[in-house]
Each structure stands twice: as C-alpha cells, then as structure tokens.
Amino acid sequence: MNSRIERYVLARALAGIGAALAVISAVILLIQFVEVSRTIGVRADVSAADIFGLTLLKSPAVIEILLPFVFLFGGISAFVGLNRRSELVAMRAAGVSAWRFISPAAGAAFLAGILAVVAINPISAALNARFEADRARIMANYLGDTPKDIWLREGDEHTQMVIHAKSRDTVQGEVRLRGVSLFVYQKDKAGNPEFKRRVEAAEAVLRPGFWQLKDVREATAGESSVRSDSLTIRSTLDSEAAVERFASPTTIAFWRLPAAIKLTEDSGFSASGYRLRFQQLLATPVMFAAMTILAAAFSLRLVRLGGLAGLAGAGVSLGFVVYFFNAFSGALGRADIIPLFAAAWAPAVVALLSGLTLLCYTEDG
C-alpha cells in the first residue's frame, strides 16, 4: 500500500516538474528570441528562421542554469495540489510519514541532477558553441562590432608559447587566427622561462598537433629575421581546447573540464574558474534534491490552518535567495576569498539543510 502511495506522489511530483519545465522553457525561448532579434536581427541581414534557429541553440544553456527553479516550482505546484485536495492529509492520517512520500521525489531529483550533468550539460555546451560560431559568422561583416585581440598560452614542462592574434574564425571546429604573433620561451633548469624566438604570420591554422603558419617572419634572440611562406610549430592544443580558451567556464562541457583545467595550469594560467565550475556541476544533484525537499517542506501546512499560499510564496522567495547566494559564493571563490570547494558546495548544502530543518519542524514538531 505504501509503495503505491509513494509511486503516486512521485508521479504527481514528476508531472509538476514537467509542467514547470515546459513553462520556463517557453518563457526562455520567447525572451531569447527577442534578445537575438534585438542584438543580431537588427544588425545583420537574417531571416526569422535564422533567428529562431539561433534561439534554439542558445536557449538550452539558459534553461540549464534555471533547472533548480524547475524542481522548486514544480515541486511546490505538485505538493500544494496534493494538499488542497486533502490527499496529503489522508496519507498522514493513514500513518504514512511525510519522509516516506517525499524521499522518492528527492531521489528522482538527485538522479535527474546526475543526468543533467553527464548528458544535458555537454549537449547544451555544444549547442552554445554552435551558437557562438554561427553568431560570429553572421556578424562578420557588421562594422559596428570591433574585433577584440585574441590571446592564447600553451606549453609543457619545457616550453611555453604565448600567441597573440588580431582576429579568429572557427569553421566546422577548425580554429583559424589572423595577424598572429607567437612568442616562444624555453624553461631553464630553475624553471624560469627564457625568450627564444618570435614568429609573426599572416594566418595560423590549428591542425592536429601543430600550428600551420602562412606568410611567416621569424626572429631568434640576437639574430635578424627570416621570412618564409609557411612554417609548422608543435602545439599541445586541439581545436576544441583552443575554442574553450575563448569561452567562459560555463560554456565548456562537463567531460571537457578536467582536460581544460590541466591545459590551463600547464600553460601557467590559473584554472580557478574551471575548477569552480567543475565543483558546481558535481553539486548539481544535491541542489536538485534540496530544491525538491524545500518545495515539499513549504507545502505541507494543513489547508484548514490557513497561510498555505503565503508559505508557498516564501518557498519561492527562498529559492531566489539560494540562487543569489550561489552567485555570490561563486564570485567569492573566483576571487580566492573562500576555497573553491566551499564556494561550489555551500549553496547546495545550505539549501538541503534548510529544507530538512523545516521538514523536521513541520513533520515532527
């Protein structure tokens, strides 16, 4: 009997989450369509179909950010509905503890968090990368956008290379830089970099394992420059890793983050942003489960006692507080004010403990 009740409550919770996902996704699609139309449609010659296609590429990344609200709003909708129909009262009168029928919903949210990290995140990151590439292609001839200089750094335990370029193109995963200057350094026995040579090229294309340079002028320390039509220089980057250097940590897929962290640290840069993002993704299942527990905790008040709507509204408000706390702790972590692990996990743990505390107070007095 209890297992049937748990399955019923789980089904209602999943239905509420699905409805919340549909509503939030529709709102995001509308907002993104307007935003893309404003930023791209009025500046470039594109059709409504192109704008809608760009919207579909951009929206999954935004939806992923708001997924905790999907579980919060969906859970509140489901449990408030059960409460208003007195189904929760009947369950608790039959001796079924709130812990018993909330646990399956929280467990399902935890599993959904794992799915979001290992499957949905890589898909949204790939679509977002495609959006950036298509946007750059469409806006290539728009004079209002001043191209920004590109800086890359790569290397290993022996050699470091700093790359400066005036512009870049990414077509079908191929990275092409224009107006390139490469500064090559060699590490001495003490690990200090020593300048060895400078290479300037009209164009550099990243091939598997090397940079292919065209119209090259090379100058070694203390010697005159030498010109050549082409030159190849060994590279530790692949096309995807090079593109990731231009992107923020939120646009890199979960499975690519460990490699991005290693490449960034090997190049001498700080990888704190990537490490923070990796820890935040690991904390996602806990955050989803916490939001579901919060939704239930704010929805169990008996209807006859009144104040259910206000309590549900307080749950929504607390969800926004958790969201801003997550952003604030992330900023503190990126600034090295607090440890990255604490910055990533604190919002999820605080939300979970808040939900469990309120649920204990509501259920057990």
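What counts, and where the lines are drawn
- Residues numbered from 1 in each chain as written.
- Predicted model: local features only at pLDDT ≥ 70, side-chain atom pairs only at ≥ 80, totals over all residues.
- Heavy atoms only, no water.
- Helix = DSSP H or I, 4+ residues; strand = E, 2+ residues; numbered from the N terminus.
- Buried < 20%, exposed > 50% of the residue type's maximum accessible area, 1.4 Å probe, protein only.
- Contact = heavy atoms within 4.5 Å.
- Areas by Shrake-Rupley, 256 points an atom, 1.4 Å probe, with all protein chains shown as cover.
- Phe/Tyr/Trp six-rings, centres within 6.5 Å; stacked < 30°, edge-to-face > 60°.
- Pairing = 2+ DSSP bridges.
- Core = buried A, V, L, I, M, F, W, Y, C linked by side-chain atoms within 4.5 Å.
- Axes fitted to C-alpha atoms, helices over the stretch in contact; angles between N-to-C directions.
- Parallel < 35°, antiparallel > 145°, perpendicular 65-115°, else oblique.
- Left-handed = near helix turned anticlockwise from the far one by under 90°.
- Nonpolar A, V, L, I, M, F, W, Y, C, P; charged D, E, K, R; others polar.
- Patch = residues over 30% accessible without salt bridge, like charges linked within 9 Å, V, L, I, M, F, W, Y side chains within 5 Å.
- Salt bridge = Lys/Arg side-chain N within 4 Å of Asp/Glu carboxyl O.

A closer look at the overall build of the protein
- Helix and strand content of the protein: eleven helices and six strands.
- The burial tally for the protein puts 41% of its 365 residues in the buried class.
- Contacts in the protein between residues at least 24 apart in sequence constitute 61% of all its contacts with a sequence separation of at least 6.
- Put simply, the protein shows about 18,700 Å² of open surface, and 61% of that area lies on carbon and sulfur atoms.

Observations regarding the packing of aromatic side chains
- Applying the stated rule across the entire model yields nine aromatic pairs.
- Between Phe69 and Phe320, the ring centres sit 5.0 Å apart and the planes meet at 40°, which makes this aromatic pair tilted. Taken as a pair, Phe69 in helix α3 (residues 67-84) and Phe320 in helix α10 (residues 308-334) lie far apart in primary sequence, 251 residues in all.
- Residue Phe320 is classed as partly exposed on the basis of its relative accessible area of 39%.
- Measuring from centroid to centroid gives 5.1 Å for Phe254 and Trp255, while their planes differ by 70°, and the two rings are edge-to-face.

Considerations on the pairing of strand β4 (residues 193-207)
- Where β4 and strand β5 (residues 210-220) come together, ten bridges link them in antiparallel fashion. Of the residues in β5, the one forming a bridge with Ala201 is Val216.
- Counting the residues between successive antiparallel strands, the hairpin from β4 to β5 contains two residues, one of them, Gly209, with a positive phi of roughly 90°.

A short note on the nonpolar core
- By size, the foremost hydrophobic cluster in this structure holds 26 residues, and its most contacted members are Leu67, Val70, Phe71, Leu72, Phe288, Met291 and Leu294.
- Of all elements in the fold, only α1 (2-41), α3, α5 (98-138), α9 (284-297) and α11 (340-364) reach the threshold of two or more residues within this core.
- The contacts of Leu294, once residues within four sequence positions are left out, are Leu72, Leu318, Ala351, Ser354 and Gly355.

Some words on the packing of α5 against α9
- It is at 7 Å that the axes of α5 and α9 come closest, and there the two elements cross at 150°. Considered as vectors, α5 and α9 are oriented roughly antiparallel to each other. For the pair α5 and α9, the sense of crossing is right-handed. Residues Ile102, Ala105, Ala106, Ala109, Phe110, Ala112, Gly113, Ile114, Ala116 and Val117 of α5 touch α9, and the partners they reach there are Thr284, Pro285, Val286, Phe288, Ala289, Thr292, Ile293 and Ala296.
- A class-by-class count of the residues in the contact of α5 with α9 yields 15 nonpolar, three polar and no charged.

Description of a nonpolar patch on the surface
- Residues Phe110, Leu111, Ile114, Leu115, Val118, Ile120 and Trp255 make up a contiguous nonpolar surface patch of roughly 650 Å² in combined accessible area.
- Checked against the element boundaries, Trp255 lands in the loop between α6 (239-245) and α7 (257-266).

Some points on the pattern of salt bridges
- All told, the structure shown has seven salt bridges when counted by the stated rule.
- The closest approach of N and O atoms between Glu64 and Arg277, which form a salt bridge, is 3.7 Å. Of this pair, Glu64 sits in helix α2 (residues 48-65) while Arg277 sits in helix α8 (residues 272-282), and the two are 213 residues apart along the sequence.
- Measuring nitrogen to oxygen at the nearest pair gives 2.5 Å for the salt bridge that ties Arg197 to Glu218. Of the two residues, Arg197 is situated in strand β4 and Glu218 in strand β5; the sequence distance between them amounts to 21 residues.
- Owing to a relative accessible area of 25%, Arg197 belongs among the partly exposed residues under this scheme.
- Beyond isolated ion pairs, a larger network of salt bridges with shared partners links Arg178, Glu203 and Lys214.

Some remarks on unusual backbone geometry
- One non-glycine residue with positive phi stands out, namely Asp215, at about 55°.
- Relative to the helices and strands, Asp215 resides in strand β5.
- Classification of Asp215 by relative accessible area gives partly exposed; the value is 49%.

A short note on the side chain of Asn128
- Residue position: Asn128 is located in helix α5.
- When neighbours within four sequence positions are excluded, Asn128 is seen to be in contact with Leu57, Lys58, Ala61 and Thr251.

A few points about the environment of Ile293
- Within the secondary structure, Ile293 is located in helix α9.
- With relative accessibility at 8%, the residue Ile293 sits in the buried group.
- A C-alpha to C-alpha distance of 7.3 Å links Ile293 and Leu352, two positions 59 residues apart in sequence.
- Other than its neighbours up to four places away in sequence, Ile293 contacts Ala106, Leu352, Gly355, Leu356 and Leu359.

Quick look at the environment of Leu340
- Following the sequence through the fold, Leu340 ends up in helix α11.
- Classification of Leu340 as buried rests on a relative accessible area of 18%.
- Taking the C-alpha atoms as reference points, Leu340 and Arg275, 65 residues apart in sequence, are found 7.2 Å from one another.
- Excluding residues that lie within four positions of it along the chain, Leu340 makes contacts with Ser272, Arg275, Leu276, Gly333 and Arg334.

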